[in-house]
Amino acid sequence: EGYIYRQKKPVYWCPNCETALADAEVEYADHTSHSIFVKFKISKLPKNASFSLDENPSVLIWTTTPWTLPANVALAFMPEADYCFTKIEFDGKEPEYLVLSQRLLPVVCEKIGAKKYEILNKFVGKDMEGIVCKNPVLERDSLGILADFVSFEDGTGVVHIAPGHGQDDYIAGLKYKLPIISPVDDKGAFTEEVKEFEGKKVFVANELIIAKLKEEKKILHEEKIVHSYPHCWRCKKPIIFRATPQWFMSVEHDDLRKKMLEKVKEVKWVPSYGEKRISGMLEVRPDWCLSRQRLWGVPIPVFYCDKCNEPILDDKLIDYVSKLFTEQGSNVWFEKSCSELTSIFKTKCVKCGSTDCRKEQDILDVWFDSGVSHEAVLASGNYPVLSWPADMYLEGSDQHRGWFQTSLLPAIALRKAPPYKTVLTHGFVVDGEGRKMSKSLGNVISPDDIIKKYGADVLRLWVATSDYREDIRISPEIINGLVDTYRKIRNTIRFLLGNLNDFSIPNALPYENLTEIDKFALDRLQDVILQVKDAYENYEFHKSSIAINTFCTVFLSGFYLDTLKDCLYCDSPSSLQRKSAQTTFLKISSVLIRLLSPILSFTSEEAWLELREKSDSFEQSVFLAPYPSFHREFDLHKSVEEKWDRLLDLREKALLAFENLRKEKIIGSNLEAALEISFTAEEEYLFANKEILPMVFGTWDITLLPSDKISETQIRANSKSSFKKCARCWRYIKDVSDEDLCPRCETVIGKKRT
């Protein structure tokens, strides 16, 4: 469909690996480069020049890649920027007459050690279009052109252009129909086109070129700078830009770039900033270099005419080669000669008609292999249970410029749609101090070690509680903290299940017969179901973990289960309050275990099997059970929720008052405290149901004092209860018998009061 083309074009080239590289295969690291200011002698002035050749003038450029000077064919000026023709004087040297940026003139003069300068003429960049200079290394003209990529952050405001060694240079070269010269071979050494430095590696040739320029007095300043420079992702060595014939996929053909930018909006990006990140990369990405010069990989199925070098490539040929690969594997391309490969399928050059051919030796970029994996896996029909597009692509955050992009390009080109519905990216695992895991640092933590010591669920909990959108920290201290969290959750489930020991499902009470505190617990459970479900669906697992942990430790262990211990341990097994609590425990257990199952899978399955002992109505495995759904009938009216929230606020004040009594050694347990509550008329409704108050506040000696003299309800605990303690339930209440038993306990144990 016209997306693929072959052209001589500058690409990232690794002279060490001797292959082209794609953007995703390039890493940036510090590199020491030669920084030089070089004179290009002017040989012909443009039409609008406001100075003459009498002073032997030059255009001054700055470069950190001296080795690219032999490939120079032009000098670029910013069209509307201010330039000047300047006389620059030095101590003990002849003055120089130079063309450069007016804005950068003072900086350049300081850099090159000038004594003073005098601006002789001023003009704008477009006046220099057509100026002709001499290449300072080779006998070649260098043409003055205009370009909007010229920078004024450093340098001279004039950019030396070598279309064979730079992307911007290449584009400018196409516009001005400049020659694309790249006199560098696969190993990064100069070819015979640069006779003086032939066979010299380009980074070695830097110093030789500088020495030549110094000798010929064409350099005004030279130094070394450390800056960020592209390196090969595989060998970690510096790379170069080099024009070579390569196969490319166009991102401009048929508005492909525009279509990709539109379609990424249809994808759910997790985290959401992933959309902005990949869009920014797509906006500036160049055409995709598909060919690689390696001895392994998937071959590019192209033959070339031996007579005119025209590529021989069409649908029938690709189908033929595909069939060969299916039958004999892709290595058949390398194992068989060209004549053997074409013995059945006769090739013929459409340009000259010749049947003599040779096969392509380059392989496909491995990113293309992975980029079309959605076609091979999802669209091939080989896996009937799968469908195109993928529900999710999941990888590290570095893949916005890698796999996510290389999958998107062929998908939009072929199917006009993204290959994925959702893309989730995560950070990388680092130690507790944020350092990368390294054997040399001794900070590597093995998952196997954690599993052997704590079990797989603690490792799963660590993953689930981590915000994977950033780098994920792990250390023994972090794991120990999670062990404590795990223990609290596990103990909560144990308490719930343990108190169902004598409970039979047929004895469960209908919702309307449950106590108010149990209804409140089920109401809170519905909130947790919604929070956890929403977090799971949005892949915010740390929010699921936090919601479950908070419910277990703060609400259940910190309040609800604590308040029910009295009725669970001391009420008659047949009491309605105890049955209400156990009915609620059953519902909470069933929901909590299922909510936890994606995280604490082994613990959840173990707990579910315990629950299943109660009834065969529970599915055989927690992973076969339906996910908990929100029950609107368990959702209390807002006014009831507000009432309980207010009671819990007052409970916190009561607990603080009890703690003060404990510090003063007046009481040892909350049950011993005498509590006074003065309440306003507006909050009288809070205390209408007196049965729930001992459970809420944790003591049975409560005095209620309505008052119209206070503005808000007040909590006071100043003394120990004056009531006797029941020896069985430890409550301090009225009517404790001479045998130290309260009426409830006497009834439960069947003892008659004398």
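Preceding this paragraph is the structure being described.
Residues numbered from 1 in each chain as written. Predicted model: local features only at pLDDT ≥ 70, side-chain atom pairs only at ≥ 80, totals over all residues. Heavy atoms only, no water.

Draft legend 1. Expanded view of the overall build of the chain. Looking only at helices and strands, one finds 21 helices and 29 strands in the chain. Scaling as 2.2 N^0.38, a compact globule of 754 residues should have a C-alpha radius of gyration of about 27 Å, whereas the chain reaches 40 Å, well beyond that. Taking the principal axes of the C-alpha coordinates as reference, the chain spans close to 130 × 75 × 45 Å. Buried residues in the chain amount to 48% of all 754 residues. As displayed, the chain offers around 37,400 Å² of accessible surface, 50% of which is attributable to carbon and sulfur atoms. Separation of charge centres in the chain, based on 101 positive and 112 negative side chains, amounts to 2 Å. (Helix = DSSP H or I, 4+ residues; strand = E, 2+ residues; numbered from the N terminus. Rg over C-alpha atoms; globule rule 2.2 N^0.38 Å. Buried < 20%, exposed > 50% of the residue type's maximum accessible area, 1.4 Å probe, protein only. Areas by Shrake-Rupley, 256 points an atom, 1.4 Å probe, with all protein chains shown as cover. Lys, Arg positive; Asp, Glu negative; His and termini not counted. Charge placed at Lys NZ, Arg CZ, Asp CG, Glu CD.)

Draft legend 2. Structural detail: a nonpolar patch on the surface. A surface patch of nonpolar side chains, amounting to about 390 Å² of accessible area, comprises V377, Y383, V385 and L386. Within the secondary structure, Y383 is located in the loop between α10 (373-377) and β21 (390-396). (Patch = residues over 30% accessible without salt bridge, like charges linked within 9 Å, V, L, I, M, F, W, Y side chains within 5 Å. Salt bridge = Lys/Arg side-chain N within 4 Å of Asp/Glu carboxyl O.)

Draft legend 3. Structural view of empty space enclosed by the protein. Across all of its chains, the model carries 1 cavity of 30 Å³ or more by this definition. Each pocket or cavity is described by its volume, and for the largest cavity that value is around 40 Å³. Lining the largest cavity are L461, T465, T485, I489, S544, S545, I548, N549, L596 and I599. Elements that contribute at least two residues to the lining of the largest cavity include exactly α13 (456-465), α14 (476-498) and α16 (541-570). It is α16 that contributes the most residues to the lining of the largest cavity, 4 residues altogether. Looking at the lining of the largest cavity residue by residue, the class counts come to 5 nonpolar, 5 polar and no charged. (1 Å grid on protein atoms, 1.4 Å probe; cavity = no way out; pocket = protein on both sides within 12 Å on 5 of 7 lines; lining within 4 Å. Points joined across faces, edges and corners; volume = space filled by probe spheres on them. Nonpolar A, V, L, I, M, F, W, Y, C, P; charged D, E, K, R; others polar.)

Draft legend 4. Seen up close, the sheet that holds strand β22 (residues 420-426). Strand order in the open sheet made by the 3 strands is β14-β22-β21, with parallel pairing throughout. Either end of the sheet is taken by a strand with one partner, and the two such strands are β14 (268-270) and β21. Shown here is a sheet whose adjacent strand axes are inclined to one another by a mean of 15°, direction ignored. (Pairing = 2+ DSSP bridges. Axes fitted to C-alpha atoms, helices over the stretch in contact; angles between N-to-C directions.)

Draft legend 5. Focus on the pairing of strand β6 (residues 82-90). As paired elements, β6 and strand β8 (residues 116-124) share 8 bridges and run antiparallel to each other. Opposite Y83, over in β8, you have F123 as the bridge partner. With 7 bridges connecting them, β6 and strand β7 (residues 93-101) associate as antiparallel partners. Across the sheet, F90 pairs through a bridge with K93, a residue of β7.

Draft legend 6. A look at the nonpolar core. Counting 87 residues, the largest nonpolar core has Y560, L564, F585, I588, L592 and F697 as the members making the most contacts within it. Counting residues per element, this core draws most heavily on α16, which supplies 12 residues. F697 has contacts with L647, L650, R651, A654, F658, L675, I677, F687, I702 and I715, leaving out every residue within four places of it along the chain. Counting 69 residues, the second largest nonpolar core, distinct from the first, contains I42, C84, L105 and V158. (Core = buried A, V, L, I, M, F, W, Y, C linked by side-chain atoms within 4.5 Å. Contact = heavy atoms within 4.5 Å.)

Draft legend 7. Looking closely at unusual backbone geometry. Cis geometry is adopted by the peptide bond preceding P271, which originates at V270 and carries an omega value of -5°. Checked against the element boundaries, P271 lands in the loop between β14 and α5 (273-284). The linkage connecting W388 with the following residue, P389, adopts the cis geometry, with an omega of 0°. Looking at the secondary structure, you find P389 in the loop between α10 and β21. Although it is not a glycine, E18 sits at a positive phi angle of roughly 55°.

Draft legend 8. Structural detail: the side chain of E96. With respect to the secondary-structure elements, E96 resides in strand β7. The exposure class assigned to E96 is buried, which follows from its relative accessible area of 16%. Sequence-distant contacts of E96, that is, excluding residues within four places in its chain, are made with K39, T86, K87, I88, F90 and L220.

Draft legend 9. α14, seen in detail. The terminal C-alpha atoms of α14, which comprises 23 residues, lie 32 Å apart, in line with the 33 Å expected from a rise of 1.5 Å per residue. Of the residues making up α14, those classed as buried are I479, L482, V483, T485, Y486, I489, T492, I493, F495, L496 and L497. Contacts made by the buried residues of α14 are with α12 (447-454), α13, β24 (472-474), α16, α17 (576-596) and α18 (601-612). (Expected span 1.5 Å × (residues − 1).)

Draft legend 10. View of the pairing of strand β25 (residues 673-679). Buried residues dominate β25, accounting for 6 of its 7 residues. Here β25 runs beside strand β26 (residues 701-706); their pairing, made up of 6 bridges, is parallel. Of the residues in β26, the one forming a bridge with F679 is P706.

Draft legend 11. Focus on the sheet that holds strand β17 (residues 303-305). Pairing in this open sheet of 3 strands is antiparallel, and the strands run β18-β17-β19 from one edge to the other. Only two strands of the sheet have a single partner each, and these edge strands are β18 (311-312) and β19 (357-359). Here β17 runs beside β19; their pairing, made up of 3 bridges, is antiparallel. Considered in β19, the bridge of C305 is made with C357.

Draft legend 12. Quick peek at the pattern of salt bridges. Under the definition given, this model contains 42 salt bridges. A salt bridge links D391 to K421; the shortest N-O distance between them is 3.3 Å. One end of the pair, D391, is in strand β21; the other, K421, is in strand β22, with 30 residues separating them in the sequence. Relative accessible area serves as the criterion here: at 55%, D391 is assigned to the exposed category. Put simply, E196, K212, E216 and K218 are held in one network by salt bridges that share partners.

Draft legend 13. Structural context of the side chain of S291. Along the chain, S291 falls in strand β16 (residues 291-292). Residue S291 is classed as buried on the basis of its relative accessible area, which comes to 0%. Within the structure, the side chain of S291 is placed 2.5 Å from the side chain of Q246, a separation counted as a polar contact. From its side chain, S291 meets the backbone nitrogen of W247 in a polar contact 2.9 Å long. (Polar contact = N/O pair within 3.5 Å; in protein donor to acceptor, adjacent residues only side chain to side chain.)

Draft legend 14. Quick look at the packing of α14 against α16. At a minimum axis distance of 10 Å, the contact between α14 and α16 shows a crossing angle of 35°. Crossing angle aside, the handedness with which α14 passes α16 is left-handed. Here T485, K488, I489, T492, F495 and L496 of α14 lie close against α16, whose contacting residues are N549, C552, T553, L556, S557, L561, K565, L568 and Y569. Its residues assigned to classes, the contact of α14 with α16 comprises 8 nonpolar, 5 polar and 2 charged. (Left-handed = near helix turned anticlockwise from the far one by under 90°.)

Draft legend 15. Representation of the packing of aromatic side chains within the structure. Applying the stated criterion across every chain, the model contains 31 aromatic pairs. Note on F303 and W333: the rings are 5.0 Å apart at their centroids and 45° apart in plane angle, and the pair reads as tilted. Linking F303 in strand β17 with W333 in helix α7 (residues 332-335), this pair joins segments that are 30 residues apart in sequence. Across the pair, W333 and F303 agree in class, each one buried. Residues F551 and F555 carry aromatic rings whose centres are separated by 5.6 Å and whose planes lie at 10° to one another, so their mutual orientation is stacked. (Phe/Tyr/Trp six-rings, centres within 6.5 Å; stacked < 30°, edge-to-face > 60°.)

Draft legend 16. Up close: helix α4 (residues 256-263). Within α4 the residues assigned to the buried category are L256, R257, M260 and L261. An end-on view of α4 places all buried positions within 135° of arc, on one side of the element. (Arc of directions from axis to C-beta.)

Draft legend 17. Layout of the state of the cysteines. Counted by the stated rule, this structure contains 0 disulfides. Here C570 is not cross-linked by a disulfide; its sulfur's nearest cysteine counterpart is in C729, at 5.3 Å. Residue classification places C570 among the buried residues on the basis of a relative accessible area of 8%. (Disulfide = S-S within 2.5 Å.)

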